[in-house]
Amino acid sequence: TMIGPLSLSMYVPAVPIMTQEIAGGSVSSMQGTVAAYSLSYGLMHLPAGAISDLHGRWPILRFGVVLYLVASCVTPLVTCTSQLAALRALQGAGAAAVSITALASVADLFETQADRQIAVSYTIIARQSASFIAPPRGRAHTRSARLAVGARPLPRARRGRGACKHVAPCTAPGGA
């Protein structure tokens, strides 16, 4: 259940560096990636919970993990912030499916209301502790990633509105 807050809180310390490396200094573009994750994470709790009630916890949990992992694996291949925002939205949806399904699974394990409340409380405490643990870890990972990439510097973004790292700006397929 910690995947949602952990993913957001570890990401935020890297935003200033990614603003320079991916967004060409456009702070608003990078803020859009944070908003995409947060919005998707927040909106997907209700549908994921309802679907897990209908079809069982395990399929929704697996779907959320796979969605989150696939989006995470594709993220290093992005060429602009709009692609990054789309992948962050997918990560948020996956994290929400995992988070709500795991919480419901914990509640399902206990028969009495009192035991259920205690177990869910401890689960929520563990989830929220990620918000305190993640920022220093995110900063450390950002530093080590920059050192690892030092041999192969990231391409610089073009300056300007909606600029991408490479030749062509992000557009919808067949769109302008």
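Residues numbered from 1 in each chain as written. Predicted model: local features only at pLDDT ≥ 70, side-chain atom pairs only at ≥ 80, totals over all residues. Heavy atoms only, no water.

Novice: Outline the overall build of the chain, listing residues and values.
Specialist: Across its full length, the chain carries 7 helices and 0 strands. In the chain, the order of α-helices and β-strands from amino to carboxyl end is α-α-α-α-α-α-α. Within the chain, the fraction of its 176 residues that count as buried is 36%. In the chain, of all internal contacts separated by at least 6 residues, the share reaching a separation of at least 24 is 71%. Element-wise, carbon and sulfur atoms account for 69% of the exposed surface of the chain, whose accessible area totals about 10200 Å². (Helix = DSSP H or I, 4+ residues; strand = E, 2+ residues; numbered from the N terminus. Buried < 20%, exposed > 50% of the residue type's maximum accessible area, 1.4 Å probe, protein only. Contact = heavy atoms within 4.5 Å. Areas by Shrake-Rupley, 256 points an atom, 1.4 Å probe, with all protein chains shown as cover.)

Novice: Explain helix H3 (residues 27–43) to me, and be specific about the residues and the numbers.
Specialist: Look at H3: 24 Å from first C-alpha to last across 17 residues, which is about the 24 Å you get at 1.5 Å a residue. Listed as buried for H3 are Ser29, Met30, Thr33, Ala36, Tyr37, Ser40 and Tyr41. Each buried residue of H3 lies within a common arc of 125° when the element is viewed along its axis, so the set occupies one face. Across H3 from its buried face, at more than 90 degrees, point the exposed residues Ser28, Leu39 and Leu43. (Expected span 1.5 Å × (residues − 1). Arc of directions from axis to C-beta.)

Novice: Would you mind going over the packing of helix H4 (residues 45–55) against helix H6 (residues 81–108) in detail, with residue names and values included?
Specialist: Where H4 contacts H6, the two axes come as close as 9 Å, and the packing angle between them is 50°. Relative to H6, the element H4 is oriented oblique. Between H4 and H6 the crossing geometry is right-handed. Judged by residue contacts, His45, Ala48, Gly49 and Ser52 of H4 engage Ala96, Ala97, Ser99, Ile100 and Thr101 from H6. (Axes fitted to C-alpha atoms, helices over the stretch in contact; angles between N-to-C directions. Parallel < 35°, antiparallel > 145°, perpendicular 65-115°, else oblique. Left-handed = near helix turned anticlockwise from the far one by under 90°.)

Novice: Mind laying out the nonpolar core, listing which residues take part and the relevant values?
Specialist: In terms of nonpolar packing, the biggest core is built from 10 residues, these being Tyr11, Ala14, Val15, Met18, Ile22, Met30, Ala71, Val78, Leu84 and Leu87. Of all the secondary structure elements, the ones that give two or more residues to this core are helix H2 (15–21) and H6. Counting 5 residues, the second-largest nonpolar core is a separate cluster that includes Tyr37, Tyr68, Ala95 and Ala96. (Core = buried A, V, L, I, M, F, W, Y, C linked by side-chain atoms within 4.5 Å.)

Novice: Please provide a residue-by-residue account of the confidence of the model for the chain, values included.
Specialist: In the predicted model, the chain carries a mean pLDDT of 76, and the fraction of residues at 70 or more is 73%. Per-element confidence in the chain ranges from a low mean pLDDT of 69 for helix H7 (residues 113–149) to a high of 93 for helix H5 (residues 57–74). Taken as a whole, residues 146–176 scores under 50 in pLDDT and shows 42 contacts with residues more than four places along the chain or in a different chain. (pLDDT = per-residue confidence, 0-100.)

Novice: I'd like to hear about the environment of Gly56, residue by residue, with values.
Specialist: Its place among the elements puts Gly56 in the loop between H4 and H5. Sequence separation between Gly56 and Ser105 is 49 residues; the distance between their C-alpha atoms is 9.6 Å.

Novice: Before we move on, could you go through the side chain of Thr75 and cite the residues and values that matter?
Specialist: By the secondary structure assignment, Thr75 is in the loop between H5 and H6. Take Thr75: its relative accessible area is 18%, and that puts it in the buried class. Of the polar contacts made by the side chain of Thr75, one reaches the backbone oxygen of Ala71; its length is 2.6 Å. (Polar contact = N/O pair within 3.5 Å; in protein donor to acceptor, adjacent residues only side chain to side chain.)

Novice: Can you break down the packing of H5 against H6 residue by residue, with the values?
Specialist: Their axes nearest at 8 Å, the elements H5 and H6 cross at an angle of 150°. Overall, the two elements H5 and H6 adopt an arrangement that is roughly antiparallel. When you trace H5 past H6, the crossing you get is left-handed. Contacts between H5 and H6 involve Arg57, Ile60, Leu61, Gly64, Val65, Leu67, Tyr68, Ala71, Ser72 and Val74 from the first element and Leu87, Leu90, Gln91, Ala93, Gly94, Ala95, Ala97, Val98, Thr101, Ala104, Ser105 and Asp108 from the second.

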